[in-house]
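Below, each chain spelled out in residue letters.
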Amino acid sequence: MRTLLSSLLISATGFVLAPSPADVPLRGFFPQSVQAERDLEARFKTMPEPDRMRESMRRLSARPHHVGSAYDKDNAGWILNQFKSYGWDAHIENFDVLFPTPVERVVELVAPTTFKASLQETALPEDPTSSQQSEQLPSYNAYSIDGDVTGPLVFVNYGVPADYEELEQRGISVKGAIVIAKYGGSWRGIKPKVAAEHGAIGCLIYSDPRDDGYAGGDVFPKGPMRPAQGVQRGSVADMPVYPGDPLTPGVGATKDAKRLTVAQAATITKIPVLPISYGDAQPLLTALGGPIAPAAWRGGLPITYRLGAGPAKVHLRVKSDWSLKTLYDVIARLPGTTEPDQWIVRGNHHDAWVNGAEDPISGLVAELEEARALGALYKQGWRPKRTIIYAAWDGEEPGLLGSTEWAETHADELKAHAVAYVNSDGNGRGFLDVSGSHSLEKFINGVAMDVEDPESGVSAWKRAQAAKILTGSTDVRREARDREDLRIGALGSGSDYSSFIDHLGVASLNLGYGGEDEGGIYHSIYDDFYWYTHFSDTSFVYGRALAQTAGVAVLRLANADLLPFAFTNLAETIQTYVKDLQSLRDRRAEQITERNRQIEDGLFKVASDPRDPVTAPQRQQVAPQLNFAPLLNALDSLNHSASRYDKAYTRAVSEGRTAAAKSVNERLVQAERALTSTEGLKNRPWYVHMLYAPGFYTGYGVKTIPGVREAIEQGEWQDADREIARVAAAVEREASLIGGLATTLAGGS
Ligand SMILES: [Zn+2]
């Protein structure tokens, strides 16, 4: 695929990346500033060095470095010294957070045969760090409640709500059972949450070989895919309610913070949960009886996948050490000159589940090279207009702890000063992938056009476009060809941007290269230097591309004459969300009507076992029409303001209107904030953005216009109309803010 794409591009287009001349406009810069900025960026882009990234990765991933470990603290100290040696003003900020670590773990089959799961990942002779057992955190799911349960086993596919509807239709209940779910299909924390809501007493999650094991290629160490004993660790805290320290929601976990008790923390699971390998899962699944699993549920193991319940009976015991652990966030600063109170924030986490070469060190080493390059430019006399803050977060893996506690501690300052947050996490070989605030879509498209893809020599933008055209659906292909800008995704959760976009309303971007770096080592002991340097970005040229992309984004945001936000793409994107919500309402209405008819026709089975009765499915309220008018009216206003702003922007830039730009910049900092609501989302007030949130039942996956979307999905029709009005109010606020800015730029007040 890679070779095909590269040769296709070069032979078909003959297109190579040439430096943009000074007379090509640069978003955010007056004509007289363009040349200096382009020269600066050209110097910057030569500085990040792949060999240094390799050596930094070797050092940072040399030993396990999870929260609370000796090497996590050691790494933080090393990163601090790196920033200082680059000329940055840097310090470490500490927080004390609840981070449970495993004390007891048991999974065993007790009937009809017996089998004890090993719960061990095997050290491999080829892979030197895989044998550091004494420092490795055993495989487990952090924030699983302690428990000791025995019950019949039920296979629940990915364990999302739709899977339980399927089981219900077959008369299978999970009440009093232990469920076994595959990884994938949702964020992992959703699986025990939904299982508990359906009455299960325990939850196992395993990595099926069809998803990231031998079905996709040779397994490690021969190839990159997950070996039989590889386990995906990970947090199962209920992060869609709030991320960060479970004991200090909404405030920083500082020394004297008021803390909840563990029993009061809403984000800890209701039932015990453990992740297992497919090596350990196979005997359990083989022992299942009951109906054969639906075709789409079956995985890649050489067995007949059955649903249960039983006769397989499983014993599960989980116990953790629930003490507080200390976080080490490294925060570094380059002061701005003319606009020191406008902050550009950039971050990547440094903690890992084990050695974490890919996640997160591959992203962190790029960030460090950016910082070294910016520091070198600073030493050579360059000064950013705005203040630049670089962060290396601790505690991302357990629940975005370090970034959340920092953002909560500094919430007021960040709301007043933060212009944008730029995040990365893991990085690999492939195509630039961007998600973020749609007011920055035009901006980041411009950045991607000025960074070279290391394998093809065309721009990162052109290569990402080619990938969309080659692999996308019909709609994606058409849009990639015809739309001026490549569409960026919306942010859900799953990395450190969450607090910035979801809780503070700071415009955010998440950047990374990937798509040709398939593997099955995620959150296992095999995500290490050996794996990364054999199977991912082995020459670190995509690390350099990430440093160039994120670094140029930071430079432009920090130096711009007029901040490079644009709102026509935002308005158009919201329009697609509204259309999508309207058709979602219609689909739900159809589904409910159809299901009600099936119930009347007696199509649903009731459990044959009278000791385990399944409540017969109930008829649901027929879906009412919803009133989208307030939102459509607000969108009209936003469209109008956005195009007025666009025109005023173009004129103000070409005329170099310095005074107007200064006043507009100060108010642009609030543009993303206008899309938030202080009351937040229903049942989860921590999330205040009206356009983006992680799904309550999908986890990482984003729900756009979440208040309305989730009300429709869950049939809460009164809520849906009220939420439409709240979103409309946010869009109106945005429209009036931008309209005001357009007036100022055009020479009004
Ligand atoms: Zn990560």
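In what follows, the structure referred to is the one given above.
Described in the following lines is the structure provided in the data block. What you see is a predicted model; the values in this text were computed from it and never measured.

1. Quick notes on the nonpolar core
- Counting residues in each nonpolar core, the largest one holds 216 residues, and the members touching the most others are Phe83, Leu204 and Tyr645.
- Here this core takes 12 residues from helix α18 (residues 541–559), the largest share from any one element.
- When residues no more than four places from it in sequence are discounted, the contact partners of Phe83 are Trp88, Ala90, Val330, Ala332, Leu368, Ala371 and Tyr390.
- Among the nonpolar cores identified, the runner-up in size contains nine residues, and Tyr687, Ala693, Phe696 and Ala730 belong to it.

2. Re the packing of helix α20 (residues 629–655) against helix α23 (residues 717–745)
- For the pair α20 and α23, the least separation of the axes is 8 Å and the interaxial angle reads 20°. The orientation of α20 relative to α23 falls into the category roughly parallel. The interaxial crossing formed by α20 with α23 has left-handed handedness.
- When grouped by side-chain class, the residues that make up the contact of α20 with α23 number 19 nonpolar, five polar and three charged.

3. Some details on the coordination of the zinc ion
- Distances from the zinc ion to its protein donors, His349 (NE2), Asp359 (OD), Asp425 (OD) and Asp425 (OD), fall at 2.0 to 2.6 Å.
- One can describe the donor arrangement at the zinc ion as irregular, given that its four donor atoms subtend angles of 54 to 144° at the metal.
- When the donor residues of the zinc ion are listed from N- to C-terminus, their spacing reads H-x9-D-x65-D. With His349 in strand β12 (residues 339–349) and Asp359 in helix α9 (residues 357–379), the pair connects residues that are 10 residues apart, well separated along the chain. A single burial state applies to His349 and to Asp359, both of which are buried.

4. Quick notes on the packing of helix α2 (residues 31–45) against α9
- Two elements in contact, α2 and α9, have axes whose closest approach is 10 Å; the angle formed by their N-to-C orientations is 130°. With respect to each other, α2 and α9 are oriented oblique. Where α2 crosses over α9, the handedness of that crossing is right-handed. Contact residues: α2 offers Leu40, Arg43 and Phe44, while α9 offers Glu370, Ala373, Leu374 and Leu377.

5. Here's the deal with the side chain of Arg709
- Within the secondary structure, Arg709 sits in helix α22 (residues 706–713).
- Look at Arg709 and you get buried, because its relative accessible area is 9%.
- Contact partners of Arg709, with chain neighbours within four places excluded, come to Tyr577, Asp580, Leu581, Leu584, Lys703 and Thr704.

The rules behind these values
Residue positions are given per chain, counted from 1 along the sequence in the order it is written. Per-residue local features are limited, in this predicted model, to residues with pLDDT of at least 70; the limit for side-chain atom pairs, both in listing and counting, is 80 or more; totals at the level of whole chains, interfaces and linings are taken over all residues. With hydrogens and water set aside, each side-chain value is computed from the structure's full complement of heavy atoms. The nonpolar core is taken to be a set of buried Ala, Val, Leu, Ile, Met, Phe, Trp, Tyr and Cys residues, with the residues joined through side-chain atoms within 4.5 Å. Burial classes follow relative accessibility: with a 1.4 Å probe on protein chains only, a residue under 20% of its type's maximum area counts as buried, one over 50% as exposed, and anything between as partly exposed. Working definition: helices are DSSP H or I runs of at least four residues, strands are E runs of at least two. Numbering for both runs from the N terminus. Whether two residues are in contact is decided by their heavy atoms: any pair within 4.5 Å suffices. Lines are fitted to the C-alpha atoms to define the axes, a helix being fitted only along its stretch in contact, and any angle between axes, read from their N-to-C directions, falls within 0 to 180 degrees. Angle categories: roughly parallel below 35 degrees, roughly antiparallel above 145, roughly perpendicular from 65 to 115, and oblique for all the rest. Handedness of each helix crossing follows the sense of rotation of the near helix against the far helix: counterclockwise by less than a right angle gives left-handed, clockwise gives right-handed. Residues are sorted three ways: Asp, Glu, Lys and Arg are charged, Ala, Val, Leu, Ile, Met, Phe, Trp, Tyr, Cys and Pro are nonpolar, and all the rest, Gly among them, are polar. Water is not among the atoms examined, so metal sites may look incomplete; donors are the N, O and S atoms within 2.8 Å of the metal, or within 3.2 Å for Na, K and Ca. Labels for metal geometry use angle windows, namely 85 to 135 degrees for all angles of a four-donor tetrahedral site, and for square planar (four donors) or octahedral (six donors) sites opposite donors over 155 degrees apart plus all others within 65 to 115; sites meeting none of these are irregular.

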